[in-house]
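Read off the chains here:
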Amino acid sequence: MKMRYIKLLLSFLIVLTPLAATAQPALIPAPPQLAAKSWILMDANSGEVITEHNADERLPPASLTKLMTSYVLSYWLENGQVSNDDMVTVSKNAWAQNPIFNGSSLMWIEVGKQVSIGELHRGIVVSSGNDACVAVAEYIAGSEASFAQVMNQHAVRLGMKNSHFVNSHGLPDDDHYSSARDMAILSRAILDYPAEYDLYKEKEFTYNGIRQTNRNRLLWSDPSVDGLKTGHTDAAGYCLVSSAEREGMQLISVVMGTKSESARERETQRLLAYGFRFFETHHLYTAGTELSKTRVWKGAADEVSLGVKEEVFLTIPRGQHDQLDATLSVDEVLTAPIREGQEYGELVVSLDGKELVRSPLIALQDVEQGGLVKRLWDAIVLFVLNLIGQK
């Protein structure tokens, strides 16, 4: 199909930190090498990976598993399948996560007592309670084994290619694993539920008279950090998934397999500092905003508006935004009927000749067929234009 090409003005908000006061392009050093088994740094909006190391290696995730447990619960809450006010009766199995038996961290729920879903969710996120995880798993799926199947279904749906879960809390099992990249993908998905994500900012939670503090110590030391989760077992080492936002740029860092609590915090801060200092995020185009109008033949209207279906974000080295180039390629002949949401071209954004973004262009409204006279007239005009074009 013939296409016509349109240069597009890149008018967007450039998100800069105070370090970007100079107009000169920044010199980008090599990314830091961390004292960890695996890591990744991802832009939360664009999904761009800034740096990574062994990001697809399958490793024991320890309590990072609870990110998936929380995500499944958030999914059910947002879809109205459960409510924060639902009361859950604590089973003996959930209570049996007591550290006397297996070294678990707890919310300290009690057998036979009823606890709300809202409180259990806080127990998962803030207190990192294995007992809360099992209680939620049993309430949603009937058993923890069935809930693990749901976790794995969500992992497949999200594109987590190196994850498999057999429990809701992360205690070691040879068939229970994830990767740094998968944890970053999962964290981006959690951000889609802002009401539930607010739990990750909470520094403490008191239940049953027991006050517990969030194990993510960066919530105290770095005001830009707003989540997500720590994890530790002997097999996994010390792990930390963090999200931080500075002046509109949000980054997700995953560090797995460090040797101590202080090491996971220190290495995370090194990753975040590198990303914020040397990269910048651009919100190029908003979903549903008109980027171009194009001619419609044989229609009740003569034009249709085209735009992108989803938000378009871009992460690039700091100071290189003036080298961005955007082009629309639009189907040369659009004939009614036109259906809203149908693709009629694509947007391509390049930096210094390298393609960075390719996004479909969709119709932003329907255009029905015109009357008989309009259709006949446009058919004649198209026939003539085609003859002229062949000469």
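See the structure above.
Here's a quick rundown of the structure.

What counts, and where the lines are drawn
- Residues numbered from 1 in each chain as written.
- Predicted model: local features only at pLDDT ≥ 70, side-chain atom pairs only at ≥ 80, totals over all residues.
- Heavy atoms only, no water.
- Salt bridge = Lys/Arg side-chain N within 4 Å of Asp/Glu carboxyl O.
- Helix = DSSP H or I, 4+ residues; strand = E, 2+ residues; numbered from the N terminus.
- Buried < 20%, exposed > 50% of the residue type's maximum accessible area, 1.4 Å probe, protein only.
- Patch = residues over 30% accessible without salt bridge, like charges linked within 9 Å, V, L, I, M, F, W, Y side chains within 5 Å.
- Areas by Shrake-Rupley, 256 points an atom, 1.4 Å probe, with all protein chains shown as cover.
- Pairing = 2+ DSSP bridges.
- Axes fitted to C-alpha atoms, helices over the stretch in contact; angles between N-to-C directions.
- Phe/Tyr/Trp six-rings, centres within 6.5 Å; stacked < 30°, edge-to-face > 60°.
- Lys NZ or Arg CZ within 6 Å of the ring centre and 35° of its normal.
- Polar contact = N/O pair within 3.5 Å; in protein donor to acceptor, adjacent residues only side chain to side chain.

What follows deals with the pattern of salt bridges. Inspection of every chain in the model, using the stated rule, returns 18 salt bridges. Of the charged contacts in the structure, one is a salt bridge between Arg-246 and Asp-222, with a shortest N-O distance of 3.2 Å. A residue pair is termed long-range when its members are at least 10 positions apart, and Arg-246 in strand 10 (residues 237-246) and Asp-222 in the loop between helix 9 (218-221) and strand 9 (225-233) qualify at 24 residues. The exposure class assigned to Asp-222 is buried, which follows from its relative accessible area of 11%. The partner of Glu-267 in a salt bridge is Arg-266, with the nearest N and O atoms 3.8 Å apart.

With that out of the way, let us pick up a nonpolar patch on the surface. Taken together, Trp-377, Ile-380, Phe-383, Val-384, Leu-385, Leu-387 and Ile-388 make up a surface patch of nonpolar side chains, about 720 Å² in accessible area. For Ile-388, the location among the structural elements is in helix 11 (residues 372-390). You can call Ile-388 exposed: its relative accessible area is 53%.

Once that is clear, we can look at the sheet that holds strand 11 (residues 249-258). Read from one edge to the other, the open sheet built from 5 strands follows the order 4-3-11-10-9, with strand pairing classed as antiparallel. Each edge of the open sheet is held by one strand with a lone partner, namely strand 4 (49-53) and strand 9. If you compare each strand with its neighbour and ignore which way they point, the axes differ by 5° on average. With 4 bridges joining them, strand 3 (residues 38-43) and strand 4 adopt antiparallel strand pairing. Looking at strand 4, one finds that Met-42 is bridged to Val-49.

Between Gly-227 and Leu-228 the backbone carries a cis peptide bond, its omega angle lying at 15°. Note that the residue after Ala-336, namely Pro-337, is joined by a cis bond; omega there is 10°. Structurally, Pro-337 can be placed in the loop between strand 17 (334-335) and strand 18 (343-351). Although it is not a glycine, Asn-54 adopts a positive phi angle of roughly 50°. Tracing the chain through its elements places Asn-54 in the loop between strand 4 and helix 1 (65-78). On the basis of relative accessible area, Asn-54 is assigned to the partly exposed category, the value being 38%.

Attention now goes to the packing of aromatic side chains. On inspection of all chains with the given rule, the structure shows 6 aromatic pairs. Measuring from centroid to centroid gives 5.5 Å for Tyr-197 and Tyr-200, while their planes differ by 25°, and the two rings are stacked. Given a relative accessible area of 5%, Tyr-197 falls into the buried group. The buried category is assigned to Tyr-200, whose relative accessible area is 1%. Site record: aromatic cluster; members linked through ring pairs are Tyr-71, Tyr-75 and Tyr-193. Looking at Arg-217, its charged tip hangs above the ring of Trp-220, at a distance of 5.2 Å from the centre.

The buried count for strand 14 (residues 303-308) comes to 5 of 6 residues, which makes it a mostly enclosed element. Sheet analysis places strand 13 (residues 292-297) next to strand 14, joined by 4 bridges and oriented antiparallel. Looking across to strand 14, one finds that Lys-293 is bridged to Ser-305. Connecting strand 13 to the antiparallel partner strand 14 that follows it, the hairpin turn spans 5 residues, and Lys-298 within it adopts a positive phi of roughly 65°.

Let us now look at the side chain of His-282. Here His-282 shows up in strand 12 (residues 279-285). The buried category is assigned to His-282, whose relative accessible area is 0%. Of the polar contacts made by the side chain of His-282, one reaches the side chain of Glu-280; its length is 3.0 Å.

We now examine the pairing of strand 11. Looking along a regular strand, one sees side chains alternate from face to face of the sheet. With 10 of 10 residues buried, strand 11 is to be regarded as a mostly interior element. Here strand 3 pairs with strand 11 via 6 bridges, running antiparallel. Residue pairing in the sheet places Trp-39 in a bridge with Val-255 of strand 11. Here strand 10 hands over to strand 11 after 2 residues, with Glu-247 in that stretch at a positive phi of 50°.

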